[in-house]
2 protein chains.
Amino acid sequence: MMNVRTICLAILSFGEASGYEIRKLSTEGDFSYFVYASFGAIYPALNKLESEGLVTGRLETQAGKPAKKIYAITDAGRAAFREALAQPPARDIFRSEFLLIAMCADLQNPQVIRRAIDTQVAQLETEIEQLGLIAADCDHPGTCWVVNYGLACMRTSLAYLKENRASLEALAMPPAAAAAE
Amino acid sequence: MMNVRTICLAILSFGEASGYEIRKLSTEGDFSYFVYASFGAIYPALNKLESEGLVTGRLETQAGKPAKKIYAITDAGRAAFREALAQPPARDIFRSEFLLIAMCADLQNPQVIRRAIDTQVAQLETEIEQLGLIAADCDHPGTCWVVNYGLACMRTSLAYLKENRASLEALAMPPAAAAAE
DNA sequence: TAGGCCATGTAACCGGTTACATGATTAG
DNA sequence: CTAATCATGTAACCGGTTACATGGCCTA
């Protein structure tokens, strides 16, 4: 049950937040490695959750900024979240455009493959850096555990990529053949 | 562009296949680690692809089995696929219910956490085993590269899980507190 | 003064899943 | 005789993205 509802409950179980903040956390913050959610999904989800009594919303006016609606999880919400997490986890979902490109490396010319690898390396490096920052000042043990798990996986990916990029590049179409297409 | 269309083109670029076979490959075969696609998505996609001239369909009658429509990629299809893969890859998508459970381990009682870890370990082990079989008799270099990449990542995950499961279990709510809820 | 951040929300659209409909063959 | 495998397809539904609407404040 990894839908927007559950994500909202998860984030609110760590503390109060507005819809705007939930979106930030789910795309840039600690939760961005599990989920992506847009405004168009979050706001309706929060309204529904409120109508069901799983969260409560309170309007807070701010000086010089638009008013925000701060949501807090209720006991019923906490129970629902706990129950959702209690059943055995579904299989992890992993989707990688890079791996599809790699698998079909023999259809592309070397520049394309090199660029794809460069992009992937850069992406992994920034993600590792960001995870490192989170790990550095992390006071919540569960979050720490998960972040370190993520770091271990990403470091392996990056190391494999760097060590084996030459053999992948070698699979690409020779420029002559590519030019003849 | 990791939609069903692209997946169909990818699979057909390796050889002819029917809709039924494409679904098998995308859920159980070599491609199942990048994608999941159901009949309801594949059949309409293939029909559209055919109407656009990117694939051709040929009806084949079989003795004792229903007739199947075998699709083959055309030159135009190959070009479209190549072009789709030529642009830099989007960020990998990773969704893990297990990591959400782990992050919130302090909300659950130890049995639940233990069961979640067991499920995750079992899932990783079977996936590693299956990937090992694919790697064992794999004649296509691009596929080999990708499979070995996947194996490296999954082995790291599994090792981390096994080495650190005790510390995760320790985060779970003590049974007394859980009972009081 | 232009663009970015804060902040909430709606509506159109889309890609995909689930369930249904159909039917023959084979294995337990 | 039942269940599974082979095989194709449609229709209802749903969850989510994208784009739009609105508007004030702050920074470059």
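The shown structure was predicted, so the numbers you read here are calculated from the model rather than taken from an experiment.

## Points about the pattern of salt bridges
For side chains bearing opposite charge, pairing can occur when the charged atoms are close. Scanning the entire structure with this criterion turns up 24 salt bridges over all chains. Where Glu-60 of chain A meets Arg-58 of chain A, a salt bridge forms, and the shortest distance between an N and an O atom there is 3.0 Å. With relative accessibility at 37%, the residue Arg-58 of chain A sits in the partly exposed group. Here Glu-52 of chain B ties to Lys-48 of chain B by a salt bridge, and the two come within 3.5 Å at their closest N and O atoms. One connected set of salt bridges, linked through shared partners, spans Arg-114, Asp-118, Arg-165 and Glu-169 of chain A.

## Concerning the protein's contact with DNA strand C
Not every one of the 21 residues close to DNA strand C is listed here, only the nearest: Gln-62 and Lys-69 of chain A together with Tyr-36, Ser-38 and Gly-64 of chain B. Sugar plus phosphate: this is where 67% of the atoms of DNA strand C within 4 Å of the protein reside. Note that a phosphate oxygen of DNA strand C is positioned 3.1 Å from one of the side-chain N or O atoms of Tyr-43 of chain A. In the environment of DNA strand C, a phosphate oxygen lies 2.7 Å from a nitrogen or oxygen atom belonging to the backbone of Lys-69 of chain A. Every element with two or more residues in the surface near DNA strand C is listed here: helix H2 (19-27), helix H3 (39-51) and strand S3 (65-73) of chain A together with helix H3 (39-51) of chain B. Take the surface near DNA strand C: its biggest share by element is 5 residues, from S3 of chain A. Of the residues that constitute the surface near DNA strand C, the class distribution is 9 nonpolar, 8 polar and 4 charged.

## What to know about the interface of chain A and chain B
Contacts between the two partners involve 66 residues from chain A, matched on the other side by 66 residues from chain B. With both sides pooled, the region where chain A packs onto chain B buries about 6,800 Å², and carbon together with sulfur makes up 64% of that total. Here chain A and chain B share 2 salt bridges between them. For the side of chain A that touches chain B, the secondary structure elements donating two or more residues are helix H1 (4-12), helix H4 (75-86), strand S4 (93-95), helix H5 (97-103), helix H6 (110-136) and helix H7 (141-169) of chain A. Sorting elements by how many residues they give to the side of chain A that touches chain B places H7 of chain A first, with 16 residues. Pairing of S4 of chain A with strand S4 (residues 93-95) of chain B involves 3 bridges; the strand directions are antiparallel. In the sheet register, Ile-93 of chain A faces S4 of chain B, and the bridge partner there is Arg-95 of chain B.

## Some words on the protein's contact with DNA strand D
Close to DNA strand D lie 21 residues; Tyr-36 and Ser-38 of chain A together with Tyr-20, Gln-62 and Lys-69 of chain B are nearest. Restricting the count to atoms of DNA strand D within 4 Å of the protein gives a sugar and phosphate share of 67%. In this structure, Tyr-20 of chain B approaches DNA strand D through a main-chain N or O atom, which is 2.9 Å from a phosphate oxygen. At the level of elements, H3 of chain A together with helix H2 (19-27), H3 and strand S3 (65-73) of chain B are the ones that each hand at least two residues to the surface near DNA strand D. For the surface near DNA strand D, the element with the most residues is S3 of chain B, which contributes 5 residues. Of the residues belonging to the surface near DNA strand D, the class tally is 9 nonpolar, 8 polar and 4 charged.

## Remarks on the confidence of the model for chain A
For chain A, per-residue confidence averages 92 on the pLDDT scale, and 96% of positions sit at 70 or higher. Across chain A, the element-wise mean pLDDT spans from 58 in helix H8 (residues 175-180) of chain A up to 97 in H7 of chain A.

## A short note on the layout of surface pockets
All names here are of chain A. Of the pockets and cavities examined, the second largest pocket occupies roughly 230 Å³. As for the second largest pocket, its lining consists of 13 residues, and the residues nearest its centre are Ser-18, Tyr-20, Gln-62, Ala-67 and Lys-68. Going through the elements one at a time, H2, H3 and S3 are the ones with two or more residues in the lining of the second largest pocket. Considering every element that reaches the lining of the second largest pocket, the biggest residue donor is S3, with 6 residues. Residues of the lining of the second largest pocket, tallied by class, amount to 5 nonpolar, 4 polar and 4 charged.

Calculation notes
- Residues numbered from 1 in each chain as written.
- Chains lettered and ligands numbered in written order.
- Predicted model: local features only at pLDDT ≥ 70, side-chain atom pairs only at ≥ 80, totals over all residues.
- Heavy atoms only, no water.
- Salt bridge = Lys/Arg side-chain N within 4 Å of Asp/Glu carboxyl O.
- Buried < 20%, exposed > 50% of the residue type's maximum accessible area, 1.4 Å probe, protein only.
- Near = heavy atom within 4 Å.
- Polar contact = N/O pair within 3.5 Å; in protein donor to acceptor, adjacent residues only side chain to side chain.
- Helix = DSSP H or I, 4+ residues; strand = E, 2+ residues; numbered from the N terminus.
- Nonpolar A, V, L, I, M, F, W, Y, C, P; charged D, E, K, R; others polar.
- Contact = heavy atoms within 4.5 Å.
- Buried area = accessible area lost by both parts, 1.4 Å probe.
- Pairing = 2+ DSSP bridges.
- pLDDT = per-residue confidence, 0-100.
- 1 Å grid on protein atoms, 1.4 Å probe; cavity = no way out; pocket = protein on both sides within 12 Å on 5 of 7 lines; lining within 4 Å.
- Points joined across faces, edges and corners; volume = space filled by probe spheres on them.

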